[in-house]
Amino acid sequence: MGSNSLFFSLRWKLAILFGIIFLILQSVFAFVAYFNAQDNFEKDRKNIQANHYNIANTLTKDSFLVLEQFAELVSVVNDTSQQSSKVQQHTVSSLNENWSRWQLIWDIENIAFFDKQSVLVKSWGTRLIDPDEKVRQVLLKELPEHQVFCPDNCYQQAIIPVMGKSDITGVFSVIRSFSDVIIKYRDATTSDIGILIVDNTAIDKAGKPSNSRWKYKLSGMTKPEKNSPVFEFISQHYTIDEFFNTSKRIGFNNALYEIRVLPIQESKGNDKPPFFFFIDDITKDIDHLNDDLKHIWIYSFLGLLASLLLILLALHVSLRPITRLSKALPLLSKNDFGQFREQITVKDSTSLGYDEMDKLSFTALNLADQLEHLEQEMRGQTFSLMEKSQELAKERDFIKQLVELAPIIVIIQKLNGIILTINHAGVEGLGTDSGSIIGKVFDVFLSDADQEHLKKLNRLRSGQFGDQIQLDGVLKTESGKLHDVSWLHKLLPSKQQGDDPVILTLGLDISERKIAEARNIRMAYYDYLTGLGNRRKFQEEFTQKLASAERYGYQLALFYLDLDRFKEINDSSGHDAGDNFLKLVASALKEAIRSTDLLCRLGGDEFTLLMPHADMTGVDHIAKKINNVLKELVFVCDDRNYTASTSIGVAIFPLHGSTVNELMAHADLAMYKAKELGRGQHHLFNPDYDYRSKLNQTVQWRNILEDAIANDRFVLFYQPILTIKSNNISHFECLVRLQQEDGKMLMPSDFVFRAEELGLIGKIDRIVLQKAVEQHLEFNRQGKMHKLSVNVSKRSFEDPAIFDYFAQLFSNPDVDQKRIIFEITDTAAVSNYQSTNVLINKISSLGCVLALNDFGVEYPSLHYLKNAPVDYVKIDGSLIRQLDKNDDDRVFVKALIDLAQAFGKKTVAEFVESEDTLTILKGFGIDYVQGYHIGKPKAME
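Let us look at the structure shown here. (Residues numbered from 1 in each chain as written. Predicted model: local features only at pLDDT ≥ 70, side-chain atom pairs only at ≥ 80, totals over all residues. Heavy atoms only, no water.)

1. Topic: the nonpolar core
Okay, so step 1: In terms of nonpolar packing, the biggest core is built from 64 residues, with Leu705, Phe810, Phe822 and Leu921 touching the most fellow members.
Okay, so step 2: Looking at this core element by element, the count peaks at nine residues for helix α22 (residues 761–782).
Okay, so step 3: Contacts of phenylalanine 822, omitting those with residues within four sequence positions, involve Leu769, Val790, Val792, Phe806, Phe810, Ile843, Cys848, Val849, Leu850 and Ala851.
Okay, so step 4: Listed in part, the 36 residues of the second largest apolar core include Val74, Ile108, Ile193 and Phe278. (Core = buried A, V, L, I, M, F, W, Y, C linked by side-chain atoms within 4.5 Å. Buried < 20%, exposed > 50% of the residue type's maximum accessible area, 1.4 Å probe, protein only. Helix = DSSP H or I, 4+ residues; strand = E, 2+ residues; numbered from the N terminus. Contact = heavy atoms within 4.5 Å.)

Structure follows, in structure tokens:
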């Protein structure tokens with residue numbers, strides 16, 4: 001160490017370090033204690049406020065109960081089993097006789113007796129209010145009515161029916177002052193309370209509250225001399241809405257008050273006077289809180305000072321041996337090992353006070369011995385290093401061989417792109433020898449279209465892109481052949497000063513992966529059976545072509561084709577024959593259309609054809625040509641000959657609609673008209689034809705559905721699902737109904753397919769899911785753990801925006817996603833397998849459960865059962881209805897249950913309508929059952 005070096009003792013470094021640590025810890029503890037004290041204070045205040053409101057509310061209800069008890073006492077004194085006229089006479093006589101005494105004992109302001117026609121018989125005391133309307137309500141409902149009214153002072157009124165032997169003989173109206181509640185509240189809580197009533201003097205001539213005062217005034221207040229100025233202050237500086245159902249702290253005359261305004265009588269709006277005016281002076285509580293917070297900071301500071309002093313003292317004592325050791329260590333660099341040993345002393349390990357510093361000194365002595373020994377061994381190690389150098393050379397050659405034989409392209413190039421080295425895989429990939437590659441610029445082996453790759457590589461070479469880039473590109477061989485390659489370019493710094501950095505380039509041939517990706521994309525947009533575009537492809541292309549036709553002003557014809565005998569082939573010869581028939585038809589249709597036309601298969605036996613730049617002559621020609629071509633086809637299966645024909649409906653943009661849904665609906669109507677004309681016919685949509693009634697019906701259904709969506713006319717009925725193992729209702733299936741204005745309920749079969757045609761089913765699915773989540777939250781509040789099963793339409797699974805709505809609903813922390821079950825039919829699953837599977841995986845990521853509905857009806861169910869992440873399998877009700885009568889159904893259902901359970905799925909049987917069917921299913925080992933025998937769908941109570 002030089003004489004001019006700055007020396008800063010380890011003792012002070014540790015003191016500062018520990019001081020900072022203690023300062024941080026003390027600050028954290030102080031802050032935590034500070035915020036905990038404030039939080040506890042706020043919680044205590046909220047509890048006190050809730051308790052005060054409960055006391056006021058309870059005192060009010062008790063006061064009303066006293067009035068009811070008084071009325072019952074009066075009715076008991078009179079024999080109500082007598083005739084009505086005699087009861088009235090006895091009641092009036094009894095009250096005339098006892099009125100003064102009862103008024104004093106019960107603190108009654110007024111008693112009024114009405115007969116059963118709501119006519120006043122007699123009133124005792126001051127008549128404060130005309131209760132005729134309330135009396136009629138009591139006579140109608142036969143239940144007591146309560147109210148608080150405040151002309152200037154506030155009163156409680158209880159209107160109680162007087163029951164005779166078989167009916168009501170009359171009504172009592174009993175009124176007492178509300179001031180007794182205020183006094184009892186003050187005695188019970190020692191807090192202050194007042195009553196706010198309407199202040200007519202605070203209303204200007206226009207009937208609006210003036211700017212300087214509330215439209216309410218105090219009818220009564222405990223400690224008015226103290227609290228009235230506070231009320232005057234806040235009524236001048238605040239609005240009453242700031243105090244409704246919440247507390248607000250107000251400073252006034254060097255004091256702090258906590259003020260709330262709450263309704264005396266509970267109502268839906270909670271905004272009808274009179275109101276409780278709660279006022280609590282919390283000045284002392286705040287002062288105590290501030291004193292406690294000051295003490296926290298003072299004690300924390302004193303504790304920190306004491307800790308720092310103790311640390312300094314401990315470091316001074318404990319680090320003295322280190323000082324001695326630091327002075328002796330330089331002797332080792334001079335190889336003066338003997339002098340070093342003389343300056344270092346070590347206690348015996350058995351003596352008192354032996355610590356880490358003694359261990360360190362002992363270690364230093366051992367280090368001196370080892371250094372002395374290492375000096376002697378240095379010469380021997382030199383020979384050993386030479387041997388190691390030879391081994392490293394062998395390892396270097398081995399690594400070089402690995403690089404050469406690696407199945408990826410390895411290239412080292414200069415910053416200007418000149419290739420320095422290339423391995424064997426790179427030579428083979430470029431299709432030439434290494435001599436022809438080394439020395440060339442790497443850029444010449446990139447495709448001319450791969451400009452983005454070259455741009456990023458040049459930025460890496462110039463140091464503008466970090467030290468590496470990774471991207472997919474195209475490699476061009478000497479022969480001009482192109483390969484898809486995943487590239488990694490890494491900028492390697494120079495090993496020695498003055499050398500230029502180089503770029504390590506690694507390339508992996510991904511041509512096969514690209515082919516597989518293209519195949520998957522094709523599966524998402526093309527029908528696997530016919531090779532034609534599927535529904536998704538059709539919808540996207542239709543939307544684009546429609547926009548183009550609208551922009552450039554030409555006609556676009558939509559042909560909607562429905563094969564005439566497809567169901568007959570399917571039913572008589574089986575699904576395989578039907579598939580072969582569809583392939584034959586698709587091949588023939590391709591030959592019949594123009595190269596600019598788009599032919600797609602929507603599903604089943606439905607095809608669509610888009611014909612740009614269409615005219616009437618061309619439309620008629622193509623429609624006739626299609627059926628002429630199909631009529632020439634002969635399909636032979638099982639020694640049966642089938643002829644092909646199709647019914648074609650045509651709609652033209654812009655003559656018959658301007659949107660996809662309109663044109664599809666009109667082409668569909670035209671297709672049904674073509675079917676009416678006979679097989680192999682076509683029909684051009686015309687709104688003046690006899691299917692106008694159906695068109696009007698479509699418009700009518702659009703109005704009905706849009707009105708139901710806008711006015712929340714959809715309601716959910718819940719059908720219970722029984723768990724066989726526990727014999728308990730474990731969950732419910734949510735079934736939507738449409739409630740019309742006359743109260744009539746429409747079933748899903750009445751309107752769901754209409755909603756799908758009109759493109760409104762997605763909105764209905766959202767409404768159903770929202771209502772299901774609301775019922776789920778209600779179950780949570782009731783402490784019930786029922787699951788809810790929700791059906792989702794096929795169209796919603798094709799809507800990419802639906803998941804964002806699901807995620808928003810389930811973002812509520814009170815929602816338990818595992819108790820929400822999404823049901824999807826196998827038809828919806830396979831009609832657009834890829835998009836459906838993507839949405840299902842996203843739903844699963846939310847934690848929701850999935851069920852496969854209508855299982856067993858079609859073959860695709862088995863495929864989806866194996867591959868989809870569903871948890872429940874619902875066996876279609878058509879297989880369950882006749883289970884107790886049909887042996888074939890029993891065999892098939894038992895096989896379906898075993899198959900689903902073999903894949904780890906829970907099984908549910910629908911349409912269980914008898915005890916015999918339930919017994920059979922229990923024997924099959926079914927997990928859940930639902931149906932009318934278990935419970936009919938109904939609204940949740």
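2. A look at the sheet that holds strand β18 (residues 606–612)
Strands in a sheet are paired, the pairing made by backbone hydrogen bonds, and the direction either parallel or antiparallel.
Okay, so step 1: Taking strand neighbours across the sheet as the criterion, the five strands line up as β17-β18-β16-β21-β22 in an open arrangement whose pairing is mixed. Taken across any chain shown, the strands that pair with only one partner, and hence form the sheet edges, are β17 (598–603) and β22 (682–684). When strand polarity is set aside, the average angle formed by the axes of neighbouring strands in this sheet is 20 degrees.
Okay, so step 2: Strand direction decides the pairing type here: strand β16 (residues 556–563) and strand β21 (residues 646–653), joined by eight bridges, are antiparallel. (Pairing = 2+ DSSP bridges. Axes fitted to C-alpha atoms, helices over the stretch in contact; angles between N-to-C directions.)

3. Some points on the sheet that holds strand β2 (residues 120–125)
Okay, so step 1: Pairing within the open sheet is antiparallel, and its five strands lie in the order β2-β1-β5-β4-β3. If you trace the sheet from one side to the other, it starts and ends with β2 and β3 (145–149), each paired once. Here the average twist between neighbouring strands, direction ignored, is 15 degrees.
Okay, so step 2: Alignment of strand β4 (residues 155–163) against strand β5 (residues 168–177), held across nine bridges, turns out to be antiparallel. Bridged to isoleucine 159 within β5 is serine 173.

4. Section: the pairing of β3
Okay, so step 1: Of all five residues making up β3, four are buried, and the element is well covered by its neighbours.
Okay, so step 2: Pairing of β3 with β4, which is carried by five bridges, proceeds in the antiparallel orientation. Opposite glutamate 145, over in β4, you have isoleucine 159 as the bridge partner.
Okay, so step 3: The turn linking β3 back onto β4 is made up of five residues.

5. Observations concerning empty space enclosed by the protein
Okay, so step 1: By the definition in use, this model includes one cavity of 30 Å³ or more.
Okay, so step 2: Considering only enclosed or pocket space, the largest cavity measures out at about 50 Å³ in volume.
Okay, so step 3: Along the walls of the largest cavity sit Ile721, His731, Ser789, Ile821, Glu823, Ala851, Tyr872, Lys874 and Val908, which together make up its complete lining.
Okay, so step 4: Looking at the lining of the largest cavity, the elements with two or more residues in it are β27 (820–825) and β29 (872–875). (1 Å grid on protein atoms, 1.4 Å probe; cavity = no way out; pocket = protein on both sides within 12 Å on 5 of 7 lines; lining within 4 Å. Points joined across faces, edges and corners; volume = space filled by probe spheres on them.)

6. A look at the packing of aromatic side chains
Okay, so step 1: Throughout the structure, instances matching the rule amount to 27 aromatic pairs.
Okay, so step 2: On the basis of an interplanar angle of 90 degrees and a centroid distance of 5.3 Å, the ring pair of phenylalanine 31 and tryptophan 297 is categorised as edge-to-face. Separated by 266 residues along the polypeptide, phenylalanine 31 in helix α1 (residues 10–77) and tryptophan 297 in helix α6 (residues 283–318) bring together distant segments of the chain.
Okay, so step 3: Phenylalanine 31 gets classed as partly exposed once you look at its relative accessible area, which sits at 42%.
Okay, so step 4: A relative accessible area of 34% means that tryptophan 297 is categorised as partly exposed.
Okay, so step 5: Of the aromatic side chains, those joined through ring pairs into one cluster are Tyr53, Phe178, Tyr185, Phe276 and Phe278.
Okay, so step 6: Over the aromatic face of tyrosine 805 sits the side chain of arginine 766, whose NZ or CZ is 5.6 Å from the ring centroid.
Okay, so step 7: Here the guanidinium or amino end of lysine 936 rests over the ring plane of tyrosine 932, the centre of that ring lying 5.4 Å away. (Phe/Tyr/Trp six-rings, centres within 6.5 Å; stacked < 30°, edge-to-face > 60°. Lys NZ or Arg CZ within 6 Å of the ring centre and 35° of its normal.)

7. As for the environment of glutamine 782
Okay, so step 1: Relative to the helices and strands, glutamine 782 resides in helix α22.
Okay, so step 2: A relative accessible area of 38% places glutamine 782 in the partly exposed class.
Okay, so step 3: Within the structure, the side chain of glutamine 782 is placed 3.2 Å from the side chain of lysine 784, a separation counted as a polar contact. (Polar contact = N/O pair within 3.5 Å; in protein donor to acceptor, adjacent residues only side chain to side chain.)

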